[in-house]
Amino acid sequence: MNPQAKLIFMTSLLLGTTITISSNHWIMAWAGLEINTLAVLPLISKSHHPRSVEAATKYFLTQAAASALVLFSSMTNAWHTGQWDITQLSHPTSGLILTSAIAMKLGLVPFHFWFPEVLQGSPLSTGLLLSTIMKLPPITLLYMTSPSLNPTLLTILALLSTALGGWMGLNQTQVRKILAFSSISHLGWMAIIIIYNPKLTLLNFYLYTMMTATVFLTLNSMKVLKLSTLMTAWTKVPSLNAMLLLTLLSLAGLPPLTGFLPKWLIIQELTKQEMIATATLMALLSLLSLFFYLRLAYCTTITLPPHTTNHMKQWRTGKPTNVLIAILATMSITLLPISPLILALV
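Because the structure is a prediction, the values reported are computed rather than measured. (Residues numbered from 1 in each chain as written. Predicted model: local features only at pLDDT ≥ 70, side-chain atom pairs only at ≥ 80, totals over all residues. Heavy atoms only, no water.)

Trainee: Explain the domain arrangement of the protein to me, please; I cannot follow it from the model alone.
Mentor: It is common to report an interface's size as the accessible area lost on association of the parts. As assigned here, the protein comprises domain 1 (1-138) and domain 2 (150-345). The C-alpha centroid of domain 2 is placed 23 Å from the C-alpha centroid of domain 1. Each side of the interface is counted separately: domain 1 has 23 residues, and domain 2 has 30 residues. Taking both sides of the interface into account, the surface hidden between domain 1 and domain 2 amounts to around 2,300 Å²; carbon and sulfur atoms contribute 78%. By the criterion of area lost to domain 2, the three top residues of domain 1 are Val109, Gln120 and Leu124, representing 30% of everything that side buries. There are one salt bridge connecting domain 1 and domain 2. Taking the shortest distance from any N to any O, the salt bridge between Glu117 and Lys177 comes out at 3.4 Å. (Domains from an automatic or database assignment. Contact = heavy atoms within 4.5 Å. Buried area = accessible area lost by both parts, 1.4 Å probe. Salt bridge = Lys/Arg side-chain N within 4 Å of Asp/Glu carboxyl O.)

Listed below in structure tokens is the structure:
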């Protein structure tokens, strides 16, 4: 892609996100979401492969429907209350429609079907944008409207997302689809706590973004798209593979790694809200995700592929590891001991 075009699309992406995050009026928030959608479409379809074009089409249709629902929700609220302010979403029907719209934008179950397909059709660099920065504006809208949302609906969506995100990722062999289901599962953890402690949702999102960015950038530097290629990638950059192993375990939420912090705090908060059954169910459902993270980690570092493999072993590259990957990987692994400082900052 032309560097100038890429610069314009990336700037538009940041502009759209900033407009939505900083807006008070529903129309401004909607405009930011639309700018975001239009800016990311060329990045999805830049390879001109039929699968990329299909992914871009699916993404456009889903996001357009979700944006229409956001407008519909805000207009219903304005009709009944006379308020266009985002934080004044007091009409119950508007709250339900908005929750559905945001669930569609994020890819929460049962509106998740587009996300794995779109991620599978996109390059890894665009997949990183779709999994991280594109999730920020909808989560911000949920954060701002959290007092008026329906707790039962969000809890059901969150439990279903955590269950299906773990369940459907079990039999995947494509790395991008596994990461898509991992994202759906993590969104479940964010959605369950947004009403009771919105700051925890943001903390979870920041840490998830950091860990996912590490995984995507590492896979991109090793040019890995499926598990069979991942098995032979250990000869290429052994140190990077070891870091990938630890980052995957951190994404799974194993102590003493960074990923354990949000899960621990969310379960603690749910227990404080006397939702012990929900907390137990969430903890058990996260074992499903743990299984496919362990499978990825196993393929990354622990297996030696059979000598009859179709993939040639790759030559070890003499290039040093990217500094950004090194910093992100270190933070994805070692932030748990400074959790009191992180909580004080949040």
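Trainee: What should I look at first to understand the UniProt feature "transmembrane region" (unreviewed entry) in the protein in this one?
Mentor: Those places that UniProt annotates as "transmembrane region" (unreviewed entry) correspond, in this numbering, to residues 56-75, 95-115, 152-171, 178-196, 202-219, 240-261, 281-302 and 323-345. As a span, residues 202-219 carries 100% helix and 0% strand, and end to end its C-alpha atoms are 26 Å apart. (UniProt positions renumbered as here; feature names shortened; annotations may be inferred. Helix = DSSP H or I, 4+ residues; strand = E, 2+ residues; numbered from the N terminus.)

Trainee: What's the story with the nonpolar core in this structure? I'm lost.
Mentor: What tends to happen in soluble globular proteins is that the nonpolar side chains get buried as a cluster. Counting residues in each nonpolar core, the largest one holds 97 residues, and the members touching the most others are Tyr59, Leu130, Leu219 and Leu230. In terms of residue count, helix 10 (residues 198-222) provides more of this core than any other element does, 13 residues in total. When we break this core down by domain, the ones giving at least three residues each are domain 1 (1-138) and domain 2 (150-345). Discounting chain neighbours no more than four positions away, the residues touching Leu130 are Val40, Ile44, Tyr59, Phe115, Val118, Leu119, Ser122 and Lys135. (Core = buried A, V, L, I, M, F, W, Y, C linked by side-chain atoms within 4.5 Å. Buried < 20%, exposed > 50% of the residue type's maximum accessible area, 1.4 Å probe, protein only.)

Trainee: When you look at unusual backbone geometry in this model, what are you seeing that I'm missing?
Mentor: Phi is mostly negative for residues that are not glycine, and the peptide bonds are mostly trans. Cis geometry marks the peptide bond from Val109 to Pro110; its omega dihedral reads 5°. Mapping Pro110 onto the fold places it in the loop between helix 4 (92-106) and helix 5 (114-121). Of note, the amide linkage connecting Pro255 to Pro256 takes the cis form, showing an omega dihedral of 5°. In this fold, Pro256 is placed in the loop between helix 12 (238-252) and helix 13 (260-272).

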